Amino acid sequence: MHPRTPGSFTLLIAALTLAVTDPCLAQTVPPSASAEMSRTQQPIELSPFVVDESRDIGYLATSTLAGSRFNTALKDTPASISVMTQEFLSDIGAFQLSDAMAFGLNVEFDYDDSRQNTNEFATFYNYQTFRVRGLPASVARNYFGWDRAIPDEAAFIDRIEDSRGPNSVLFGIASPGGVINVSTKQAQFGRAINKASFSYGSYDSKRSTLEFNRTLFRDKLAARLILVYNRNNEFRHFAYEEHLRGLLSVKYNLGTRTVLRADFERGEYQSNPTRSGNLMNRFLVWNSLARPTFAVAPPASALAASGLARFSTATTQPRVTYLSNNDLTISMRGALSTAAGIPAGQQGIVSSTGIITDRTISDYSINVGGPGQDRFSRFGLFDAFLEHRFSKTTVLELAYHHVDMSLDSRDPRGGDFLYGDPNQLLPNGAPNPNAGRVYLETTWFRTVRRDQGDTGRMTFTTELDAKRWGHYRFAALGEFEKSFIGSNVYQEYWVDSTTERPAFNTAVPENAANQVFRRTYPTEGDWSSYYIVGPVGSAGGLLTGVRDPVTGRTLSSTWYAQNYPNQFYYRKKSGMAVLQARYLHDRLIVAGGVRRDDLTEHQLGGRRNPVTNIREITHNPAESDPAKRPTLTRNLGTTKTLGLVYHLTPIVSLNYNRSDNLATPGKGWLRLPASGEPGDPLPVPPPEGRGEDAGIGVDLFGGKLNAKATYYTVRAANQATSSPPVVRTANIDILNALQASGLISQADFTRRTNTGEHGLFDFFTKGWEFQVTANLTKNWRFQGNFATADAVSQNTFLEWMAWSERNSEFLSSFRRNGAGDIVDGAGNPLRTTTGATIAEAVALYQDELKLISDTDGIGKLGNRKQKVSVVTRYSFDSGMLKGAYVGGAYRHQSKMFTGVDAGLRPVYGNSYWELDLMAGYVVPLLRHKARVWSFQLNVFNVTDERQPLAIRFDSYGAIMRDIVRAPTTWRLSTNLEF
């Protein structure tokens, strides 16, 4: 892991462990006196704001806060809510939230597959996100927003509540798919907990946990401490995740009516997450021709036939490249490389940039980031809740939430293409020792981010029993949130070691001329060598003392901001009122509420440093360029919910719920105006949604089996997502070529690259959800889910379509040759750094935009219509197998909508299924039957289903992107309660 400050974290954990486990502090009074004191000092009633998870039995949960903000029985809740209990999480072997959500009702993982040109590193910076009902879902922790933080640790989780649909009135700013809330474990009075666990699994993965709970100071204070170390290694080379974290929860009885509880968590999280798919093709045409090499570049007309392209020959594009195998730096200006294309007679098999499916050429275990790819987070959070009961029915809660997280990551973005080297000679005339070999090449990026946030919340609730006129519960909430997000994306660039200024273009440090290209030639067939050597080590791994192959100077590399740094100050003020009414002896329950949110976002501006020209933050509102000035954006929204439950009989209930949502616009997200004019983009508006649920539930066998069927619809508007990278990249490539040839000014370049990077769309989804949860006997647990989601997108990226038309008008003003190519002053066709002509680059982004718009009204990219999951366990309580248990988990999701073909017919990727098995044994210890030692073996993907999930195709039917699946893995865990 990263070097740590001596161990402020280690010292804290040691101190906390001593405090909680010290026999002097933990000593209690005799049982009779303790019981009497407990009766006199504990609160009168259970909190209306806290769920008593001790009433959860097996996989069955009895109550929730997610339906009304009150502690309410699930069967009395109109909203569609599912609960995952501790026992459920333990059985499936969940170590973090994503492990659990694989078995969520109507849940699918978001791999940035809901837009045409997907991002291979979609979860590199923001960790795993989810879609529910085919729509984005928010994540909360103890009902505070948690979307920007690191993955939840299962050892800290009491339960997971999945509330589906746009219920912003209950949760505040949220996504239309719903809110996945994690409730953490709390300190408990009157219970001593001593637990330890250790796990060992595939690829030398290790995990250990410690958990203690004590009642202290004569039953006035309870403390619970949980420590976790986890190292999970994956089947792909160098891929892992590792974290060390601790949670301390305390509860203090200030009197019979007042309770203070607080949670403090701190930790470090480091990982090497891989791109989701296999290597992509820039190699197969050349390879099919027996890898020809050339001493002299073929004519331009013959390049494509040989599967080749040529780097720019412009003196302004030296393309200085570091060859890691040879520790050599050379200018690749004008050199040959392999390119896209379709080998003769192989249409439909490989494409310009399609996935390489031949595992003898590219294995699924390849990790192009190698050991230099890294994501490190350090975080801390603090939650405090002060609850005072004025009377049996009137309660006030004051809550405070603080989070502080930093992230530092490095990755070879765009390095997922496999190339070949057809040059017999290096550009300097020397023999090329790597002629005929394959290689990987790209530039390296670094992302630095800091998130800080404080939220204060006040909730008041009271009840009124009007006898035959009903029973009423009322809650009012006021909330204020203040947060800061600062981020910067850097790229590695060449600098003159003497002047420390950009090496080749001092006016624009982030110009492509200054980019450091790193190239690695792997040993073919040795999949562990297929990675790009990157900046590693405590000093950043940057290059020093490198000879400039162009001028002979001494060069170094450094990180320059790729874009203007982002700094956002965010404030939210919210007010909410909720009413729950019960009539007809609790047979009819009506719940409704209204919420008002006021969001203000202050984004600092950016400028170029007047001395260095490096991009930096500015507070100056008088900047000459409007795009660089600080901005203030305010959004107001009102959301509502109304629901009812009617118990036809003690076992049959009907429910209906109607709700809407207001979501937070992406911080700093900008879009083009409707006209498509670049230069001064607008903030994206707040996304909005509206949903309806109607269903029937049954409660059989005295509550041992719960089943519910729900029909739902959701309409969402002003949804925003990143525009396809290929569109923006192609545009920048075109503008770079125009600027390098002197055809446009720097001002034109800046204005036309300022396109906002985001676009809008709407969608509609409908479907069915069925869930059955049962503890039919004390030995058998079961949960089964089935869901459908018919989703379609509408009004997708209309502003980008307008931009495309305006850009074509702009490009039509430049001089062209007889072939229609834009030419420089000498009449030579302009080419981008990829070797493409301007016309080819335009066609690239136009095809991309057409693919996006063609799906409107037909489907929603990334959506899988059917989803099934089943989890079950059976325990033996007699005979030779007494103490043993066995179980399994099955999940299946249908084929994914990936786009349309030339006839606008839907195109789908493959469906998938996986089977997990589990077996365990509980050994009561001899001295005390309540203390146990248990073992559990989890085997995941038992049948070794390895076929990657194809999620995009090109017009020839070749796979453009896929999701690699892990092989069979196993984990053996032992748990000791002592």
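This structure is a prediction, so every number in the text was calculated from the model and none was measured. (Residues numbered from 1 in each chain as written. Predicted model: local features only at pLDDT ≥ 70, side-chain atom pairs only at ≥ 80, totals over all residues. Heavy atoms only, no water.)

Moving on to the overall build of the protein chain. Counting its regular elements, the protein chain contains 12 helices and 51 strands. Per-residue burial over the protein chain gives 55% buried out of 978 residues. A separation of at least 24 residues holds for 71% of the contacts in the protein chain among residues at least 6 apart in sequence. Only carbon and sulfur atoms are counted for the fraction: they give 57% of the accessible area of the protein chain, which is about 39600 Å². (Helix = DSSP H or I, 4+ residues; strand = E, 2+ residues; numbered from the N terminus. Buried < 20%, exposed > 50% of the residue type's maximum accessible area, 1.4 Å probe, protein only. Contact = heavy atoms within 4.5 Å. Areas by Shrake-Rupley, 256 points an atom, 1.4 Å probe, with all protein chains shown as cover.)

Evaluated as defined, the whole model comprises 28 aromatic pairs. When the ring of Phe-484 is compared with that of Tyr-569, the centres are 5.0 Å apart and the planes differ by 45 degrees; the resulting orientation is tilted. In this pair, Phe-484 sits in strand S26 (residues 471-496) while Tyr-569 sits in strand S30 (residues 566-583), placing the two residues 85 residues apart along the sequence. Residue classification places Tyr-569 among the partly exposed positions, given a relative accessible area of 33%. Ring plane angle 40 degrees and centroid distance 5.8 Å describe the contact between Phe-761 and Phe-763, whose orientation is recorded as tilted. As far as burial versus exposure is concerned, Phe-761 and Phe-763 are alike and both buried. Cation over ring: Arg-457 sits above Phe-144, and NZ or CZ is 4.2 Å from the ring centre. Above the face of the Phe-95 ring, Arg-971 is positioned so that its terminal group lies 3.7 Å from the ring centre. (Phe/Tyr/Trp six-rings, centres within 6.5 Å; stacked < 30°, edge-to-face > 60°. Lys NZ or Arg CZ within 6 Å of the ring centre and 35° of its normal.)

What follows is about the pattern of salt bridges. Using the criterion set out here, one finds 54 salt bridges in the structure. Here Asp-110 makes a salt bridge to Arg-131, at a shortest N to O gap of 3.2 Å. With Asp-110 in strand S4 (residues 107-110) and Arg-131 in strand S5 (residues 129-132), this pair connects stretches of sequence that are 21 residues apart. Across this residue pair, the class does not change: Asp-110 and Arg-131 are buried. Overlapping salt bridges, with partners in common, bring together Arg-457, Glu-479, Glu-481, Lys-572, Arg-595 and Asp-597 in one network. (Salt bridge = Lys/Arg side-chain N within 4 Å of Asp/Glu carboxyl O.)

The next subject is the side chain of Lys-867. Note on placement: Lys-867 falls in strand S43 (residues 866-875). For Lys-867, the side chain forms a polar contact with the side chain of Asn-106, separated by 3.2 Å. For Lys-867, the side chain forms a polar contact with the main-chain oxygen of Arg-864, separated by 2.7 Å. Apart from the residues lying within four places of it in its own chain, the contact partners of Lys-867 are Asn-106, Val-107, Glu-108, Asn-785, Phe-786, Ala-787, Ala-789, His-892 and Gln-893. (Polar contact = N/O pair within 3.5 Å; in protein donor to acceptor, adjacent residues only side chain to side chain.)

Let us look at the sheet that holds strand S3 (residues 80-84). Pairing is mixed in the open sheet, where 5 strands are placed in the order S3-S9-S10-S7-S8. Edge positions in the sheet fall to S3 and strand S8 (144-145), since each of these pairs with one other strand and no more. Bridge count between strand S7 (residues 138-141) and S8: 2 bridges; the pairing is antiparallel. Paired with Ala-140 across the bridge in S8 is Gly-145. (Pairing = 2+ DSSP bridges.)

Right, let's get into the confidence of the model for the protein chain. Here the protein chain shows a mean pLDDT of 85. Residues at 70 or above account for 88%. Under a pLDDT of 50 for its full length, residues 1-45 has, in the predicted model, 63 contacts with residues more than four places off or in other chains. Across residues 344-351, confidence stays below pLDDT 50; counting only partners more than four residues off in sequence or on other chains, it has 18 contacts. (pLDDT = per-residue confidence, 0-100.)

What follows is about unusual backbone geometry. Positioned with a positive phi, Asn-106 is a non-glycine residue whose angle comes to about 60 degrees. Its location among the elements puts Asn-106 in the loop between helix H5 (97-101) and S4. Since its relative accessible area comes to 1%, Asn-106 is described here as buried.

Turning next to the pairing of S30. As judged from the 17 bridges shared by S26 and S30, these two strands associate in the antiparallel manner. Each bridged residue has a counterpart across the sheet, and for Ser-483 the counterpart in S30 is Tyr-570. Of the strand pairs in this sheet, S30 and strand S31 (residues 588-603) are connected by 16 bridges, and their pairing is antiparallel. Among the inter-strand pairings, Met-576 is bridged to a residue of S31, identified as Arg-595. Connecting S30 to the antiparallel partner S31 that follows it, the hairpin turn spans 4 residues, and Leu-584 within it adopts a positive phi of roughly 55 degrees.

Contact pair helix H9 (residues 725-740) / helix H10 (residues 746-753): the axes reach a minimum separation of 10 Å and the direction vectors enclose 175 degrees. In this view, H9 runs roughly antiparallel relative to H10, as classed from their interaxial angle. Along its contact with H9, which presents Asn-731, Ile-732, Leu-735, Asn-736 and Gln-739, the element H10 presents Gln-746, Phe-749, Arg-752 and Thr-753. Partitioning the contact of H9 with H10 into residue classes produces 3 nonpolar, 5 polar and 1 charged. (Axes fitted to C-alpha atoms, helices over the stretch in contact; angles between N-to-C directions. Parallel < 35°, antiparallel > 145°, perpendicular 65-115°, else oblique. Nonpolar A, V, L, I, M, F, W, Y, C, P; charged D, E, K, R; others polar.)

With 14 residues, helix H11 (residues 798-811) extends 20 Å between its outermost C-alpha atoms, agreeing within 8% with the 20 Å of an ideal straight helix rising 1.5 Å per residue. Structurally, H11 contributes buried residues whose contacts are with H9, H10, strand S40 (757-774) and helix H12 (838-854). (Expected span 1.5 Å × (residues − 1).)

So, about the sheet that holds S4. The sheet built from 3 strands is open, its strands ordered S4-S5-S6 with antiparallel pairing. With one partner strand each, in any of the chains shown, S4 and strand S6 (135-136) form the two edges of the open sheet. Looking at chain direction, S4 and S5 are connected through 4 bridges and run antiparallel. Following the sheet pairing, Val-107 is matched in S5 by Val-132.

Of all 5 residues making up strand S24 (residues 438-442), 5 are buried, and the element is well covered by its neighbours. Side-chain alternation along S24 places Val-438, Leu-440 and Thr-442 on one buried face and Tyr-439 and Glu-441 on a second face that is also buried. Sheet topology places strand S23 (residues 417-420) next to S24; 2 bridges connect them, and they run antiparallel. Bridge assignment links Tyr-419 to a residue of S24, and that residue is Tyr-439. Here 3 bridges tie S24 to strand S27 (residues 517-520), and the two strands are oriented antiparallel to one another. Considered in S27, the bridge of Leu-440 is made with Thr-520.

With that settled, consider the packing of H9 against H11. As a packed pair, H9 and H11 sit with axes 13 Å apart at the nearest point and diverge in direction by 15 degrees. Looking at the two axes, H9 sits roughly parallel to H11. Helix-helix and strand crossings are classified by hand; for H9 and H11 the assignment is left-handed. Facing H9, whose interface residues are Val-727, Arg-728, Asn-731, Ile-734, Leu-735 and Leu-738, H11 presents Trp-800, Trp-803, Asn-807, Phe-810 and Leu-811. Residue classes in the contact of H9 with H11 are distributed as 8 nonpolar, 2 polar and 1 charged. (Left-handed = near helix turned anticlockwise from the far one by under 90°.)

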